[in-house]
Amino acid sequence: MEELLDSAIEILHRKGIGTPDCTIILGSGLGMFTKVIKNPVIVPYSDIPGFPSTSVAGHDGALYFGDISNRKVLAWSGRFHYYEGHPFDRTILPVRFANALGCNALLVTNAAGGINYRFRVGDLMLIDDIISLPVKISLHDQRFHQRYANDDLVGDVTRLAASAGISVTRGCYLYAKGPTYETKAEIRSFRIMGADAVGMSTAAELYEAIRLEMSCLGISLITNLATGVSKEKLDHSEIAEAASLREKDLIELISRLIADEDSPLYKPEYRFR
Ligand code: HPA
């Protein structure tokens, strides 16, 4: 792994990729953020040694390195899911690569199903805790339990969003393996467990960032109400619809988190040490 990282980093440097202030993994249907990155260097995943290609609709499989105001951002458009057959060690490669490039702040976005009855399609949920019971992800060490209960960071980001006129909510993200959506009984039990939203990614990426002592925040776009919460039938097309509802807000929020002088993402106290 270390050798693979070294040779890939060398190739990325040669392509003009330097040290990002922040890295962001863009979820299904949320790749539009790449449009606002200035002076981008774009590298298809297929040009990065050791990188698999992505196979999920709505993911373009490329990294973008460029400017948001005076910050450097490294955006991953397309992620690797465990349900596609990738081991967890591979699903976290974007985090490892970014960290090897010298980056200490991670944003993760995803599409998720709303479990909490108060949630509506189009809500932006800041992830303040994680449940990942079905597969206990234990990648490299045992410190995950320390927390991903990012209360103060989530509070700061909520205030930042409010100052930009963007409403956000917060809640606990439950990782479910997928690829099928959940049954009604599963969603009922997840609610009793304390979950507010469910999705098929993100947990391992945040855990890896914690292990690497980065600051990190996950943002879920509620693209549908989870099975049984509403009577609507679920399919993948809702993701694009919900994304278009909140595209502007999400881009604005992410841009501020990356670019603001006093963004909470860069506060030393929010790095997991
Ligand atoms: N369940 C799991 N993952 C999801 C959902 C859902 O309802 N919506 C978007 N990703």
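Description of the structure in this document. (Residues numbered from 1 in each chain as written. Predicted model: local features only at pLDDT ≥ 70, side-chain atom pairs only at ≥ 80, totals over all residues. Heavy atoms only, no water.)

## Examining the site of the ligand
Going by this rule: When at least one non-hydrogen atom of a residue lies within 4 Å of a molecule or strand, that residue is treated as near it. N or O atoms closer than or at 3.5 Å make up a polar contact, with two conditions inside protein: a donor-capable atom paired with an acceptor-capable one, and, for residues adjacent in sequence, both atoms drawn from side chains. Values of accessible area rely on a 1.4 Å probe in the Shrake-Rupley scheme; residue burial ignores everything except the protein chains shown. Under the scheme used here, helices are H or I runs from DSSP no shorter than 4 residues and strands are E runs no shorter than 2 residues, and both carry numbers assigned from the N terminus. Gly is put with the polar residues, along with every residue not named as nonpolar or charged; the nonpolar set is Ala, Val, Leu, Ile, Met, Phe, Trp, Tyr, Cys and Pro, and the charged set is Asp, Glu, Lys and Arg.
Lining the immediate surroundings of the ligand are A111, A112, G113, Y181, E182, V198, G199, M200, T223 and N224. The contact in question runs from a nitrogen atom of the ligand to an N or O atom on the side chain of E182, over 2.8 Å. In this structure, a nitrogen atom belonging to the ligand sits 2.6 Å away from a side-chain N or O atom of N224. Starting from 260 Å² of accessible surface for the ligand in isolation, the protein chains cover 96%. Counting residues per element, the ones that place at least two in the shell around the ligand are β5 (105–114), β8 (197–199) and β9 (215–225). Residues that form the shell around the ligand fall into these classes: 5 nonpolar, 4 polar and 1 charged.

## Brief notes about the nonpolar core
Here is a general trend for soluble globular proteins: nonpolar side chains tend to be buried in one another's company. Note the cut-off: Take the buried residues of types Ala, Val, Leu, Ile, Met, Phe, Trp, Tyr and Cys, join any two whose side-chain atoms come within 4.5 Å, and each joined set is a nonpolar core. Partly exposed residues are those whose accessible area sits between 20% and 50% of the maximum for their type, while under 20% is buried and over 50% is exposed, using a 1.4 Å probe and protein chains only. The contact rule is simple, with two residues in contact once any of their heavy atoms fall within 4.5 Å.
By size, the foremost hydrophobic cluster in this structure holds 56 residues, and its most contacted members are I48, L63, W76, F97 and L106. No other element matches helix α6 (residues 203–211), which puts 6 residues into this core. Setting aside anything within four residues of it in sequence, one finds L106 in contact with T23, I25, V95, E205, L206, A209, M214, S215, C216, L217 and L265. Membership of the second largest hydrophobic core comes to 36 residues, among which are I37, V154, A242 and I251.

## Side note on helix α7 (residues 237–259)
Definition in use: The span one expects for a helix is its residue count, reduced by one, times 1.5 Å. Note that bend, as reported per residue, equals the angle between axes fitted to the 7 residues terminating at that residue and the 7 residues originating from it.
The end-to-end C-alpha separation of α7 is 31 Å, in line with the 33 Å expected for 23 residues at 1.5 Å each. Along α7, the sharpest change in direction is near 60 degrees and occurs at R246.

## Comments concerning empty space enclosed by the protein
Note the cut-off: Here a cavity is any set of points on a 1 Å grid over the protein atoms alone where a 1.4 Å probe fits but cannot get out, and a pocket is any open set with protein on both sides within 12 Å along at least 5 of 7 lines; a residue lines the site when it has an atom within 4 Å of a point. Grid points are joined across faces, edges and corners, and a volume is the space filled by probe spheres set on the points.
Under the criterion given, the structure shown has 1 cavity of 30 Å³ or more. Of the pockets and cavities examined, the largest cavity occupies roughly 70 Å³. T91, M200, S201, T202 and A204 are, among the 13 residues lining the largest cavity, the residues nearest its centre. With 3 residues, the top contributor of residues to the lining of the largest cavity is α6. Here the residues of the lining of the largest cavity sort into 8 nonpolar, 4 polar and 1 charged.

## A short note on the packing of aromatic side chains
The test is simple: Working definition: a ring pair exists when centres of Phe, Tyr or Trp rings (six-membered ring for Trp) sit within 6.5 Å. Plane angles under 30 degrees give stacked, over 60 give edge-to-face, the rest tilted.
Per the stated rule, a full pass over the model turns up 9 aromatic pairs. Between Y82 and F88, the ring centres sit 4.1 Å apart and the planes meet at 5 degrees, which makes this aromatic pair stacked. Given a relative accessible area of 27%, Y82 falls into the partly exposed group. Considering the side-chain rings of F88 and Y175, the 6.1 Å spacing of their centres and the 70 degrees angle between planes classify their relative orientation as edge-to-face. Taken together, the positions of F88 in helix α2 (residues 88–91) and Y175 in strand β7 (residues 169–175) put the pair 87 residues apart, joining distant regions of the chain. There is no split in this pair, since F88 and Y175 are both buried. Aromatic rings pair up to connect Y45, F51, W76, F80 and F97 into one cluster.

## Let's talk about the pairing of strand β4 (residues 71–77)
If a strand is regular, its side chains alternate between the two faces of the sheet. Put simply, the test is: Strands qualify as paired when DSSP identifies two bridges or more between them.
Counting buried positions along β4 yields 6 of 7 residues, so the element is predominantly enclosed. When strand β1 (residues 22–26) meets β4, the two strands line up parallel, connected through 5 bridges. Opposite C22, over in β4, you have V73 as the bridge partner.

## Considering the side chain of S255
With respect to the helices and strands, S255 occurs in helix α7. Using a relative accessible area of 17% as the deciding quantity, one classes S255 as buried. Not counting chain neighbours up to four residues away, the residues in contact with S255 comprise F33, V36, I68 and D260.

## Details of the pattern of salt bridges
Put simply, the rule reads: We define a salt bridge as a contact between a side-chain nitrogen of Lys or Arg and a carboxyl oxygen of Asp or Glu at a distance within 4 Å.
Using the criterion set out here, one finds 13 salt bridges in the structure. With a closest N to O distance of 3.6 Å, D47 and K15 form a salt bridge. With D47 in the loop between β2 (38–44) and β3 (62–68) and K15 in the loop between α1 (2–14) and β1, this residue pair connects regions lying 32 residues apart in the sequence. With a relative accessible area of 36%, D47 lands in the partly exposed category.

## Brief notes about the environment of L225
Considering the arrangement of structural elements, one finds L225 in strand β9. Its relative accessible area of 17% is what places L225 among the buried residues. C-alpha of L225 to C-alpha of V121: the two residues are 104 residues apart in sequence and 6.6 Å apart in space.

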